[in-house]
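Next come the chains, spelled out residue by residue.
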Amino acid sequence: MARSASASGSGRSLPVALAQTLYLLLGLLAVSALAGVLLAAFFLPMVSASSAVAKDGVDLFDSYPSELEVEPLNEASRIEAADGSLLATFYTENRIMVPLEEISPHMQHAVIAVEDRRFYEHGGVDPKGMARAFASNATGGATQGGSTLTQQYVKNALLMDAVQRGDQEDQVAATEQTYGRKLREAKLAISLEKQWSKDEILNAYLNVAQFGPSQYGVETGSRHYFSKNAKDLNPGEAALLAGITNGPNQYDPVSKPEAGQKRRNEVLADMKREGYITEAEYEQYTAQPVADMLKIQNVTAGCADAGTSGFFCDYVTRSLLNDPAFAETYEERRKLLYGGGLTIRTTLDPGKQAAATDILMRKVPADADHGFGHSIVTVEPGTGRILSMAQNRNFNPHQEVGPGETAINYNVPKALGGGNGFPVGSTFKPFVLQEWLESGKSIYDRVGTVREPMPNFPAECLPGGAWRERPGYNPDNAVSVPLAPMETVLNSTKFSVNTSYANMARQLDLCEIADTARGIGVVPATFNPYDPTTWEMPIEDVYGTELAPSVVVLGELRISALDMANAYATYAAGGTYCKPQAISEVVDRNGEPMAISGADCHQAVDKDVADTMAWTLQQDLEDPRATGRGRVIPGHTAGGKTGTSNQQFHTWYVGFTRQMSTAVWFGHPQTNIKPGGFPVDGEMLRRGSVWGNNVPLPTWQEYMTRVHEGLPSEPFPAGPAPATPAAADDAVQKGVVPDVAGMMRSEAEAAVQAAGYVPQVENEPSEDVGQWFMIGTEPGAGTRLPEGETVVIRQSSGEG
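I will try to describe carefully the structure that is included in this document.

Rules used throughout
- Residues numbered from 1 in each chain as written.
- Predicted model: local features only at pLDDT ≥ 70, side-chain atom pairs only at ≥ 80, totals over all residues.
- Heavy atoms only, no water.
- Pairing = 2+ DSSP bridges.
- Helix = DSSP H or I, 4+ residues; strand = E, 2+ residues; numbered from the N terminus.
- Axes fitted to C-alpha atoms, helices over the stretch in contact; angles between N-to-C directions.
- Contact = heavy atoms within 4.5 Å.
- Phe/Tyr/Trp six-rings, centres within 6.5 Å; stacked < 30°, edge-to-face > 60°.
- Buried < 20%, exposed > 50% of the residue type's maximum accessible area, 1.4 Å probe, protein only.
- Disulfide = S-S within 2.5 Å.

### A closer look at the sheet that holds strand β4 (residues 373-379)
Remark on secondary structure: sheet strands pair via backbone hydrogen bonds, oriented parallel or antiparallel.
Alright, step 1. Taken together, 5 strands build an open sheet; the order of strands is β5-β4-β19-β18-β17 and the sheet is antiparallel. Either end of the sheet is taken by a strand with one partner, and the two such strands are β5 (386-391) and β17 (639-644). Across the sheet, the axes of successive neighbouring strands diverge by a mean angle of 10 degrees, strand direction being ignored.
Alright, step 2. For strand β18 (residues 650-656) and strand β19 (residues 661-667), the ladder comprises 7 bridges, and the chain directions are antiparallel. Counted as the bridge partner of H650 is G667 from β19.
Alright, step 3. Against the sheet, helix α26 (residues 607-622) makes contact with β17 and β18, and its axis sits at roughly 65 degrees relative to β17, the strand it touches most.

### A few points about the packing of aromatic side chains
Alright, step 1. For the coordinates displayed, the defined rule picks out 18 aromatic pairs.
Alright, step 2. Centroid distance F311 to F395: 5.2 Å. Interplanar angle 80 degrees. Geometry classified as edge-to-face. Residue F311 is located in helix α15 (residues 310-322), and its partner F395 is located in strand β6 (residues 394-395); the two are separated by 84 residues in the primary sequence.
Alright, step 3. Classification of F395 by relative accessible area gives buried; the value is 11%.
Alright, step 4. With 4.0 Å between their ring centres and 10 degrees between their planes, F422 and W665 make a pair best called stacked. Note that F422 is positioned in strand β8 (residues 422-423) and W665 in strand β19, a separation of 243 residues in sequence.
Alright, step 5. A relative accessible area of 8% places F422 in the buried class.
Alright, step 6. For W665, a relative accessible area of 0% gives the class buried.
Alright, step 7. Through successive ring pairs, a cluster of aromatic residues spans F428, F431, Y568, Y571, F656 and F716.

### Describing the side chain of T612
Alright, step 1. Within the secondary structure layout, T612 lies in helix α26.
Alright, step 2. For T612, a relative accessible area of 14% translates into the label buried.

### Some words on the state of the cysteines
Alright, step 1. Evaluated as defined, the whole model comprises 3 disulfides.
Alright, step 2. Note that C303 is cross-linked by a disulfide to C313, the S-S spacing being 2.1 Å. Taking the torsion about the S-S bond as the criterion, the C303 to C313 disulfide, at about -75 degrees, is left-handed. Of this pair, C303 sits in the loop between α14 (290-293) and α15 while C313 sits in helix α15; the two residues are 10 residues apart in sequence, bridging distant segments of the chain. A single burial state applies to C303 and to C313, both of which are buried.
Alright, step 3. With a sulfur-sulfur separation of 2.0 Å, C461 is cross-linked through a disulfide to C511. What sets the handedness of the C461 and C511 disulfide is the S-S torsion sign, and at about -85 degrees it is left-handed. Taken as a pair, C461 in the loop between β10 (454-458) and β11 (466-473) and C511 in helix α21 (residues 510-518) lie far apart in primary sequence, 50 residues in all.
Alright, step 4. According to the relative accessible area criterion, C461 is partly exposed, its value standing at 21%.
Alright, step 5. Cysteine pairing in the chain follows 1-2, 3-4, 5-6, where each cysteine in a disulfide is numbered by its order in the sequence.

### Some details on the sheet that holds strand β23 (residues 774-778)
Alright, step 1. Reading across the sheet, the 3 strands line up as β22-β24-β23 and stay open at both edges, with mixed pairing between neighbours. The sheet is open, and its two borders are formed by β22 (758-764) and β23, each paired with just one other strand. Neighbour to neighbour, the strand axes of the sheet diverge by 25 degrees on average, direction disregarded.

In structure tokens form, the structure reads like this:
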């Protein structure tokens, strides 16, 4: 691109300045007959003496392009909820495009009067204006522009094009104070006038010019300063806006009211001179104080305007910016988001989002002095669609943050706007259970519950093929029921027995457990889900030194709530795993769909295993003695798991129905501190006595009950039939009392129910049968009874 040297107005001599002026103007004379006629008398003596200069000027002029070739203007992108309602808009410049018929004639007259009063007479350049400006500038007088509206539009278009392309050199070229730039703009303006009508040029100028410190286009300026559309502007308002374009910060009537008012009056004087307003109108509007005119409406682009959906909105934008399917590079994705005129349709259900926000803010207010956080995120099983994403904070992405505000999304991975995640506690146990079932074992297998040091665990991916520590891993239990030395895996899950799960892991492999979790999307929250290496690298590299039983068995691992909800959704969907999806569709400014990374739904877990998982977690929720405490969803089959991190810093409940999987977290987002000394829903929390079923579970139940209203019931498949230890090959027969001797309580109850009876457990001392194991039944095994009768199960209470 041709460049002309920039000369300093203070350091050049008059002859040199005039020569530079002549050099450029003669090029213009060669192609503009009008310019030639008007300027010939002024420059003829120098022209006749400088034919060589004239030739060079023509050559320079010819070297500039004659067609204005720029990318389409940046247009705002729109982010919508699932029902089509607007969540947020994104744009580089705060611009709203409107046709000329939606712009007040007073506004059109104002810019013509002050910027280009011969607009309808010239062919793109105004020779009189240029001669006046060049002469004044060359002789050291007041700096004058001399640019027509057409030239100003060309300048703005070139600048915006350079900005959109990220071309720093062209941005400088579009704004540098040189005659070369003026000449280039003049040539392009002349060409543009041959292609566009005057109204089209005026409309384009009014849509791209700056009408405030951060307001682009007259519609945006009108809404900002007067809270009205540009079509409704009166002469005084139009004059105020037209005056701002010459110095958006200098004449801003908010920060510089005196300068803004003076400039407005100058424009009104120009409008009166051109006959656009009467003397009476001039007196009327110049007499009005600027402060009385203003009705400021601040519009903030981006997710800050998305209200209670701000965190979800932020997740949507970050998902797009990280998605290689959307565009190849981050910068290309950003350009599309902020200037591509996209319509981004999301999966957010406004009703569910409102319910989640309402419950969270009521239970744990955002501005509470204790600072604890509470969050809900819901995923649709079988699709990965994110239906809600809420937390007890207001979204504020700015540097200054008030009480109850943050930009950190408590529900998502770090790369997508979250923090480092929070330790998930026993909500990680289902991934151990999944690996247990996939290895061919049963929920009715019995495992030890006695606490003891465990110095090694199988881990083929670690050196020596094992995790080792002396004196060993020695987890404790925090259960609300008596435990036998051996319990079924079913009971160990229902009562969240840490020692049982540690013993299960000793029969498995820590590396395989971790990889099983990763197979349904569970990785530390510090990893980017859009980075292929997250899913491809060796599992020992993902976990590092954290590949240990306290992490892989009992969940001392920081995982995002979204990934937890989505993983559990796999069990609700019969083993079908889908990547979390916040975006259902992106269409470009022409209405054409654009590529994005999809849900990639596939069978990640064997259906029988997934169904057994769902049924087992259903027992955890439905049994009043289990960690779920019987907090069911009326009319809907549901299951889930509580979680409490080490020292009770963070508590969880993750649960699901066939229609929704929801993770609820409660804890302090900035520090490790036990909750207590403040009420939640009227119940005072006692420090050291807060678990997953104290705050997260009631929140989960209330939310899931509300959002399931009116939905059909979709039951889980039946659980696996238990085998009887006394006669493993004998199937339970309907109408015949089964032999339950030696079983655990849950096994015995399941066997009696399978035979068609109602179980009733009674404890009695026994010297021969260990405490909590079954002695037998009354009536005895093999007795034929009508179905529906009550069968007493005799449970040992130990020696009398």
